[in-house]
Amino acid sequence: MSMLTRVGNDLYTGARSFDFVGKRVVWYSIGAAVIILAIAFTALRGGFVFGIEFRGGSEFRVTGSSAAIEGTAAATSIAVEAVDEVVTGANPRVSIVGGDSVRVQTEQLTPGETDELRAALADAYGVTQADVASSFIGATWGADITRQAVLALVVFLLFASVVMALYFRTWKMAVAAIVALFHDLIITTGVYGVLGLEITPAAVIGFLTILGYSLYDTVVVFDKVRENTSEDGVESRRTFAQSVNLAVNQTLVRSINTSVVAVLPTAAILFIGSLLLGAGTLRDIALALFIGTLVGTYSSIFLAAPLYVHLRENEPEVKKQGARQKAARPESGAVR
Amino acid sequence: MARSTPERNAIRSLVWLLVIIVGLIAANGASVLFNNGQWTPKLALDLEGGTQIILAPQLASGDQVDQEQLEQAVSIIRQRVDAGGVSEAEINTQGGENIVVAIPGVPDPATIERIQSSAKLEFRPVLLADLASNQILDDPEATDEDSADGDETDEAATDDEAAEGETAEPTPSASPTDASDPAWITEELQREFDTFECSSLDVVGANVAPVDEPLVTCEADGSIKYILGPVEVEGEAIADARSGLIASSTGVTTNEFGVFIDFNEEGTAQFREVTERLVSLTGIRNQFAIVLDGRVISAPRTISAITDGSPQISGNFTQESAQVLADQLKFGALPLGFEVQSSENITATLGLSQLQSGIIAGLIGIALVIGYALIQYRALGGVIIASLVIAGIVTYLIITYLSNQQGYRLSLAGVAGLIISIGVIADSFIVYFERIRDELRDGRRLDGAVEAGWKRAFRTILISDVINFIAAAVLFVLAVGNVRGFAFTLGITTIVDLVIVALFTHPMMQLLGRTRFFGDGHPLSGLDPKALGAVYRGRAQFRQPQSVPAVKRASSSREAQRRQTIAERKAAEARGEGEDAR
């Protein structure tokens, strides 16, 4: 049996236990610190870097050019020259993507200029015009995407909260889960801000998908929490906090396994995406998801569960139970 | 052979799954045989190469476009793209306000420009008409009427008059005094008219003219060509248009379909002026042409002057053709232009390399997941692999079917969604297997653990899949661009996940639980109770609550938290008994 299974046994029986709930102040502090750092660094960098889809402009992509392999400098000078031929002062942004293709971004060009530049780039890089892809994005497109994304976020949160509150029969779980979700979202976008990665619509898909994943992970943990706390009932020998902590410990292996399994395909896309394709749909979705999945797993365990305890702790029922435990078994300790 | 219930249930579930798969294969086979379907999903432009243009309709007044207008806009654009001779263009609405035009290859700027231009509906008087060359009219079509009483003319009449019109060609002398003045027809225009081919209507720019100039054009079906006077009423003047049964002068509804137009105030005045003049004219010049995007969609005769701004057009309409004309009038009248939001051109080589990369990434992802599953779950990993394979087959069949039936196209983001879903699907198995292990740890036999584990795991899987599905659905409905492709595959696979876990994974576990390999907890089975720290206690054995030695401790609240849990007691108990057993 693998080591994880043995750890799983110990965690399940309680032979080994991590104090997730008890040390919650530590986790809260870490979470808050990371969030503050993410925001601060992003602000210092001057905010997020938005992809061309948000800025508007024209983009060209030359595939299979030998110049791309020679290096950015060579490729850039070729591109600048070609662009200058067609439009003066266009100030192109050139980058190498995925090894053998060059991406040239300019301000918005007219259809005529676009065609000319395609031809010029094909010429300059010694490829046929069929190897030059072009796209053009209107400036309002980005605003559109952003608006829709925000709308999607709000609608999703609403739906998800209602479903969770109904399923768990307590709105406090929904609140805890949603706080954890925001934590994930802020940190993931924060990584983009701190590293200065371009935020593209594909990355936004990634962010929005994190919503689903983050909740998914929290739900798996909370399901066990609910089971433990409701099964215990009045007869419980544990305090509420202990029940929750045991649930988190018992689902730890499950959490780790599901997260690893979720991260593996994402990592594969990320790897292939960056290696073969460079910046693009695949890499952008995968990067956001990769970070989001890891952060999401962390937050389910370290934030959502302790937060739930925090929210319930002061309920009279829960308090009474805790007091009863103390009174009934004041001297009990671990027998290990 | 005494079969237990779980076993029968398991086999029933597997049979259902088989039925679903066979059904999907049959449905796909049917579309391949009868509907030009394919066994592979169609690819979106980012994988196949081509141009995708996203257009946002622009209303002059800045109003929001409603769904009906959007549908009409799609059909307007479809006509324009088809007119450009582009084949296999896909035109869809997206997100309730955008129109996505996907065209193979690179469209010429003229096509794009035409797609963008606003639909223009205008009323022009007919100056001259003729049969289009080499065309024979066999089916008389719509003509006109007025609001009060309705006789109808048909195109046979138009033909006679057309011939008449041509012979009785007036000689242009002075400058024209009104829109119906034959003086508009200059020699040059006459020559253009004589050589005009209706087939050239599809050529860009062949049928446009400024509003104050005459226009040479054809009936939309290419049957008749016209010289039309300057624009007299613009489409914007139409307040509404609908189709319906015509009422006779006595108010009795006839069986005849007609089209009813309502002009706004300005349109009413203009239209009255036009009809007052036209009604006094004879022959071809009695007709006015309704021109949409440079084509004559109808050229009714004027029977009387329309003073109330509510003309009606009658003729040999069917319910459908009346509806079409009414829609054309209503929506063509909207000064609906389109703004290009984004235009993306992907070369075929780039598309192919992206598809390949996607497939490679998917394969690596599957390999990693399978590897991890085998390490963590030993032989159970085999169940995960089998489940993934079945899920893959079902997903593939569904996507191919939708591609054939609904025109779904797999995009790069869609491929990403599929790869991500490998993890989501595998997640469910892990939730289930960990549950079974938990039950084994509690000392259940495997068959019991499978049933008890399933009950609890399914609830968890269900709620998490619901959450995932909500995320996918919200993204699909609200988000724009390639988000939809991603959300779509993610949503599909979430449903597939539920089906597979219920109809395959669980039944397989029920059946495997009967085998000696799994049932006796072979060390490689992944379900070895010993390794899981549990020992079978026997059915009738009750566990006595273990009395905790009253060890006095200077207990702090931290200590209190480490008080023994039920699970701890179980463990202690299990350990004790385990030792006894040894």
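This text follows the structure it describes.
Remember, it's a predicted structure, so these values are computed and weren't measured experimentally. (Residues numbered from 1 in each chain as written. Chains lettered and ligands numbered in written order. Predicted model: local features only at pLDDT ≥ 70, side-chain atom pairs only at ≥ 80, totals over all residues. Heavy atoms only, no water.)

A.B. asks: How would you sum up the overall build of chain A? Please name residues and give values.
C.D. replies: Each helix and strand in chain A was counted, giving 13 helices and six strands. Counting all 336 residues of chain A, 61% fall into the buried class. Of the contacts made within chain A by residues no fewer than 6 positions apart, 78% connect residues no fewer than 24 positions apart. (Helix = DSSP H or I, 4+ residues; strand = E, 2+ residues; numbered from the N terminus. Buried < 20%, exposed > 50% of the residue type's maximum accessible area, 1.4 Å probe, protein only. Contact = heavy atoms within 4.5 Å.)

A.B. asks: I'd like a description of the packing of helix H8 (residues 171-195) of chain A against helix H12 (residues 281-313) of chain A, backed by residues and values.
C.D. replies: All names here are of chain A. Axis separation between H8 and H12 bottoms out at 7 Å; the angle between their running directions is 145 degrees. When the axes of H8 and H12 are compared, the crossing they make is right-handed. Class assignment of the residues belonging to the contact of H8 with H12 gives a composition of 18 nonpolar, five polar and four charged. (Axes fitted to C-alpha atoms, helices over the stretch in contact; angles between N-to-C directions. Left-handed = near helix turned anticlockwise from the far one by under 90°. Nonpolar A, V, L, I, M, F, W, Y, C, P; charged D, E, K, R; others polar.)

A.B. asks: So, the pairing of strand S5 (residues 215-218) of chain B: which residues are in play, and what are the values?
C.D. replies: Residues and elements named next belong to chain B. The two faces of S5 match: Leu 215 and Thr 217 on one face and Val 216 and Cys 218 on the other face are all buried. As paired elements, S5 and strand S6 (residues 224-228) share four bridges and run antiparallel to each other. Bridged to Cys 218 within S6 is Lys 225. (Pairing = 2+ DSSP bridges.)

A.B. asks: Account for the pattern of salt bridges, with residues named and values stated.
C.D. replies: Overall, the coordinates contain 14 salt bridges over all chains when judged by the stated rule. A salt bridge links A:Glu227 to B:Arg456, with the shortest nitrogen-to-oxygen separation between them at 3.0 Å. Note that A:Glu227 is positioned in helix H9 (residues 201-232) and B:Arg456 in helix H12 (residues 446-478), a pairing that runs across two chains. By relative accessible area, B:Arg456 is classed as partly exposed at 25%. Where B:Glu439 meets B:Arg456, a salt bridge forms, and the shortest distance between an N and an O atom there is 3.6 Å. Taken together, the residues B:Glu439 in helix H11 (residues 412-441) and B:Arg456 in helix H12 connect sequence positions 17 residues apart. (Salt bridge = Lys/Arg side-chain N within 4 Å of Asp/Glu carboxyl O.)

A.B. asks: Can you tell me about a negative patch on the surface, naming the residues and giving the values?
C.D. replies: Residues and elements named next belong to chain A. Together, Glu 81, Asp 84, Glu 85 and Asp 123 give the surface a local cluster of negative charge. If one sorts the elements of the negative patch by residue count, helix H5 (residues 72-86) sits on top with three residues. Within the fold, Glu 81 resides in helix H5. (Patch = residues over 30% accessible without salt bridge, like charges linked within 9 Å, V, L, I, M, F, W, Y side chains within 5 Å. Areas by Shrake-Rupley, 256 points an atom, 1.4 Å probe, with all protein chains shown as cover. Lys, Arg positive; Asp, Glu negative; His and termini not counted. Charge placed at Lys NZ, Arg CZ, Asp CG, Glu CD.)

A.B. asks: An account of helix H7 (residues 265-278) of chain B is requested, with residue identities and associated values reported.
C.D. replies: Taking 1.5 Å as the rise per residue, H7(B) with 14 residues should run 20 Å; its terminal C-alpha atoms sit 20 Å apart, in good agreement. Considering only its buried residues, H7(B) is in contact with strand S4 (121-131), strand S7 (233-234), strand S9 (253-263) and strand S10 (288-292) of chain B. (Expected span 1.5 Å × (residues − 1).)

A.B. asks: I'd like a description of the nonpolar core, backed by residues and values.
C.D. replies: Counting 143 residues, the largest nonpolar core has A:Phe156, A:Phe222, B:Phe433 and B:Ile436 as its most contacted members. Sequence-distant contacts of A:Phe222, defined by excluding residues within four places in its chain, comprise A:Phe168, A:Met173, A:Ala176, A:Ala177, A:Ala304, A:Ala305 and A:Tyr308. Residues B:Ala241, B:Phe271, B:Leu292 and B:Leu329 belong to the second largest nonpolar core, which totals 25 residues. (Core = buried A, V, L, I, M, F, W, Y, C linked by side-chain atoms within 4.5 Å.)

A.B. asks: Account for unusual backbone geometry, naming residues and giving values.
C.D. replies: One non-glycine residue, A:Arg169, lies in positive phi territory at about 60 degrees. Relative to the elements of secondary structure, A:Arg169 occurs in the loop between helix H7 (139-168) and H8. Looking at A:Arg169, the relative accessible area reads 67%, which means it is exposed. Within the chain, B:Arg378 stands out as a residue other than glycine whose phi angle is a positive 50 degrees. In this structure, B:Arg378 sits in the loop between helix H9 (348-377) and helix H10 (380-406). The partly exposed category is assigned to B:Arg378, whose relative accessible area is 23%.

A.B. asks: Please provide a residue-by-residue account of the environment of B:Glu234, values included.
C.D. replies: All names here are of chain B. With respect to the element layout, Glu 234 can be found in strand S7. For Glu 234, a relative accessible area of 34% puts it in the partly exposed group. Note: C-alpha distance between Glu 234 and Phe 271 (37 residues apart in sequence) is 10.0 Å. Setting aside residues up to four positions removed in sequence, Glu 234 forms contacts with Leu 121, Val 211 and Gln 270.

A.B. asks: An account of the sheet that holds strand S12 (residues 312-317) of chain B is requested, with residue identities and associated values reported.
C.D. replies: All names here are of chain B. One open sheet holds the three strands; their spatial order is S8-S9-S12, and the pairing between them is antiparallel. A strand with exactly one partner marks an edge of an open sheet, and here the two such strands are strand S8 (238-247) and S12. Averaged over all adjacent pairs, the angle separating strand axes in this sheet is 25 degrees, with direction ignored. Judged from the eight bridges that link them, S8 and S9 form a sheet pairing that is antiparallel. When the bridges of S9 are listed, Gly 244 appears paired with Gly 258.

A.B. asks: Could you give an account of the packing of helix H10 (residues 240-250) of chain A against H12(A), naming the residues involved and the relevant values?
C.D. replies: Residues and elements named next belong to chain A. Here H10 crosses H12 at 160 degrees, and the two axes come no closer than 10 Å. With respect to H12, the element H10 is oriented roughly antiparallel. Of the two elements, H10 crosses H12, and the hand of that crossing is right-handed. Listed contacts from H12 to Phe 240, Ala 241, Val 244 and Val 248 of H10 are Ile 301, Ala 305, Tyr 308, Val 309 and Arg 312. (Parallel < 35°, antiparallel > 145°, perpendicular 65-115°, else oblique.)

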